[in-house]
Amino acid sequence: MPNGPDRTDAVNDSTHLAPIELRSDNAAGAAPEVLAAVAAANVGSALAYGDDAWTAALHDVVREVFEHPQARVFPVISGTAANSLGLAAMCPPWGAVLCHETAHIIQSECGATSMFGGGATMRGLAGDDFLVSEESLQGAFDATRWGDNHHSQPSVLSLTVPTDFGTVYTPAHVSSLAALAHERGLRVHVDGARIANAISALGCSPAELTWKAGVDAFSLGAMKNGSLSTDAIVCFDPAVAEQLHYRLKRAGHVASKMRFQSVQLSTYLHDGLWLRLAAVANTTMTRLASGLMDLGLVLVSRPAVNMVFVHVDDAVIERMERSGLLFYRMGPGLVRFVTSFQTTEAEVDDALGRIKQAIAD
Ligand SMILES: Cc1ncc(COP(=O)(O)O)c(C=O)c1O
């Protein structure tokens, strides 16, 4: 799909049944708790640009949730901003960001990292299940002419957790890749667009999947899982945080009304809300995936989080679309379904009923 799988402008208008949203978690709304918190923060005045009580509280929440007393958090407007500005602060202009060849940062962000990184390059690595492997990382290191100024120098390893294809790195895998990267002087970044789904599915602590595994900074990814209008960079490395302080301002990402971003994020992270929201998306996907298999459909792989890729005959796909199901075609005979915190079990069962009918017709 030329627009990338997370463009949500493909409208299905040919149904008399209520549409069921399975295109993208980007299509979901905001969590009611987040909306209520924004309204509650709309009292009186507060100093601009983050010098307010809500932003101070956000830092406390992040430090508590990630068990890291020096963690810093920087609200930005999108996942792309979080990734590209975070990476730019971690990579010199002559550096290279290494990532899986399918990663969102290399395939779907229009070169934002290279732009904010002053020309930093991106190198895609191979690896089964859309995961960077130790062998491919070592291979990239072996192929590098270290210290040769004719060549970009590997400077950051970026891992997408979970990947754009719904597979997950375990904390042990992140740890082993991060150890290799740190040994060669690279920093380690995570694109956490759906990190809540990964933490919820893995049952690990937020710290175990991030700094305890060697991650220096990551994108929090709140937008797909309940925030209204903000994402964030979370940073454990003070040198990166120092750069972000200036880089974000130059990029226009220091909002004067930061309190409304900060309150969204602190509400999202407080008392496990983000993980409960992600758990809904994951469990409704588990229900959908097992129903699809019961119907005899073949999944590309069992979903670890909230997305699944499924082989379906094109004629059946057309009937599924006509029944009001909203999903993406990924290519001939291949579709993607994504659940969100708003997906209900009743919707999943309704969707499975329509798919069963589309197969039978
Ligand atoms: C894995 C991944 N990373 C980053 C992003 C970028 O987020 P945004 O669309 O908010 O810029 C997306 C969006 O779909 C994504 O799927």
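Not measured: the values here are computed from a predicted model.

*Asks:* Go over empty space enclosed by the protein, please, and point to the residues and values.
*Replies:* Empty space among the atoms becomes visible once a probe the size of a water molecule is rolled across them. Evaluated as defined, the whole model comprises 1 cavity of 30 Å³ or more. Considering only enclosed or pocket space, the largest cavity measures out at about 40 Å³ in volume. Together, Cys99, His100, Thr102, Ala103, Phe130, Ser158, Leu159, Thr160, Thr163, Asp164 and Tyr169 line the largest cavity. For the lining of the largest cavity, the elements supplying multiple residues, two or more each, are β3 (95-100) and β5 (153-160). The dominant element in the lining of the largest cavity, judged by the number of residues it contributes, is β5, at 3 residues. Taken together, the residues that form the lining of the largest cavity break down as 5 nonpolar, 5 polar and 1 charged.

*Asks:* Describe in detail the packing of helix α11 (residues 258-269) against helix α12 (residues 273-294), supporting the description with residues and values.
*Replies:* Where α11 meets α12, the axes come as close as 5 Å, and the angle between the chain directions of the two elements is 70°. Comparing the axis directions of α11 and α12 gives the class roughly perpendicular. For the pair α11 and α12, the contacting residues are Thr267, Tyr268 and Leu269 in the first and Leu273, Trp274 and Leu277 in the second. Here the residues of the contact of α11 with α12 sort into 5 nonpolar, 1 polar and no charged.

*Asks:* Give me the lowdown on the sheet that holds strand β13 (residues 334-338), citing residues and values where you can.
*Replies:* Pairing within the open sheet is antiparallel, and its 4 strands lie in the order β9-β10-β13-β12. Since the sheet does not close on itself, it has two edges, and those belong to β9 (298-299) and β12 (328-331), each with one partner. For β12 and β13, the ladder comprises 3 bridges, and the chain directions are antiparallel. What sits directly across from tyrosine 328, in β13, is arginine 336. Contacts from helix α13 (residues 314-322) reach β12 and β13, with the element oriented near 165° to β12.

*Asks:* A description of the domain arrangement of the protein should follow, citing residues and the corresponding values.
*Replies:* Where interface size is quoted, it is often the accessible area lost as the parts come together. Taken as a whole, the protein is organised into domain 1 (20-29 + 278-360) and domain 2 (32-273). Taking only C-alpha atoms into account, the centre of domain 1 sits 29 Å from that of domain 2. On the domain 2 side, the residues contacting the 13 residues of domain 1 number 14 residues. A combined buried area of about 1,300 Å² lies between domain 1 and domain 2, and 52% of that area is made up of carbon and sulfur atoms.

*Asks:* Could you give me a rundown of the nonpolar core, with the residues and numbers involved?
*Replies:* Among the nonpolar cores identified, the biggest contains 54 residues, and Leu98, Leu137, Leu159, Phe218, Leu220 and Trp274 are the most heavily contacted of them. Among the elements that take part in this core, helix α7 (residues 171-183) stands out by supplying 5 residues, more than any other. Looking at which domains feed residues into this core, each of domain 1 (20-29 + 278-360) and domain 2 (32-273) gives three or more. Beyond its immediate stretch of four places on either side in the chain, leucine 220 contacts Phe66, Gly192, Ile195, Asp231, Ala232, Val234, Leu265, Leu269 and Trp274. Formed by 23 residues, the second largest nonpolar core is a distinct cluster that contains Met285, Ala289, Val316 and Val335.

*Asks:* Got a sec to walk through the layout of surface pockets? Specific residues and values, please.
*Replies:* Put simply, the second largest pocket is a space of about 240 Å³. In terms of lining, the second largest pocket is formed by 15 residues, of which the most central are Tyr49, Phe74, His245, Val254 and Met258. At the level of secondary structure, the elements contributing two or more residues to the lining of the second largest pocket comprise α2 (53-65), β2 (72-76) and α10 (238-250).

*Asks:* Outline the confidence of the model for the protein, supporting the account with residue identities and numerical values.
*Replies:* Mean pLDDT over the protein works out to 95, with 96% of the residues at or above the 70 mark. Below pLDDT 50 for its whole length, residues 1-5 participates in 6 contacts with residues either more than four positions away or in separate chains. Under a pLDDT of 50 for its full length, residues 7-11 has, in the predicted model, 11 contacts with residues more than four places off or in other chains.

Cut-offs and rules
- Position numbers for residues start from 1 in each chain and track the written sequence from start to end.
- The predicted nature of this model means local features are confined to residues of pLDDT at least 70 and side-chain atom pairs, given and counted, to a pLDDT of 80 or more, with totals for whole chains, interfaces and linings taken over all residues.
- Note: side-chain values were computed over all heavy atoms of the structure, leaving out hydrogens and water.
- The distinction between a cavity and a pocket rests on a 1 Å grid over the protein atoms alone: a 1.4 Å probe fits inside a cavity but cannot get out, while a pocket stays open yet meets protein on both sides within 12 Å along at least five of seven lines, and a residue with an atom within 4 Å of a point counts as lining.
- Grid points are joined across faces, edges and corners, and a volume is the space filled by probe spheres set on the points.
- Secondary structure elements follow DSSP: runs of H or I no shorter than four residues count as helices, runs of E no shorter than two count as strands, and numbering proceeds from the N terminus.
- Polar here means any residue outside two lists: the nonpolar Ala, Val, Leu, Ile, Met, Phe, Trp, Tyr, Cys and Pro, and the charged Asp, Glu, Lys and Arg; Gly therefore counts as polar.
- The axes used here are C-alpha line fits, helices contributing only the stretch in contact, and every angle between their N-to-C directions lies in the interval 0 to 180 degrees.
- By the definition adopted for this analysis, an angle is roughly parallel if under 35 degrees, roughly antiparallel if over 145, roughly perpendicular if from 65 to 115, and oblique otherwise.
- Any pair of residues with heavy atoms lying within 4.5 Å of one another is described as a contacting pair.
- One bridge is not enough; two strands pair if DSSP finds at least two bridges between them.
- Where each domain starts and ends comes from a domain assignment, either automatic or drawn from a database.
- When two parts are brought into contact, each loses some accessible area as probed by a 1.4 Å sphere; the total of that loss over both is the buried area.
- Here, nonpolar core refers to any group of buried Ala, Val, Leu, Ile, Met, Phe, Trp, Tyr and Cys residues whose side-chain atoms link them within 4.5 Å.
- Buried, partly exposed and exposed residues are distinguished by accessible area as a fraction of the type maximum, computed with a 1.4 Å probe on protein chains only: under 20%, between the cut-offs, and over 50%, respectively.
- Per-residue confidence from the prediction method is given by pLDDT, with values spanning 0 to 100.

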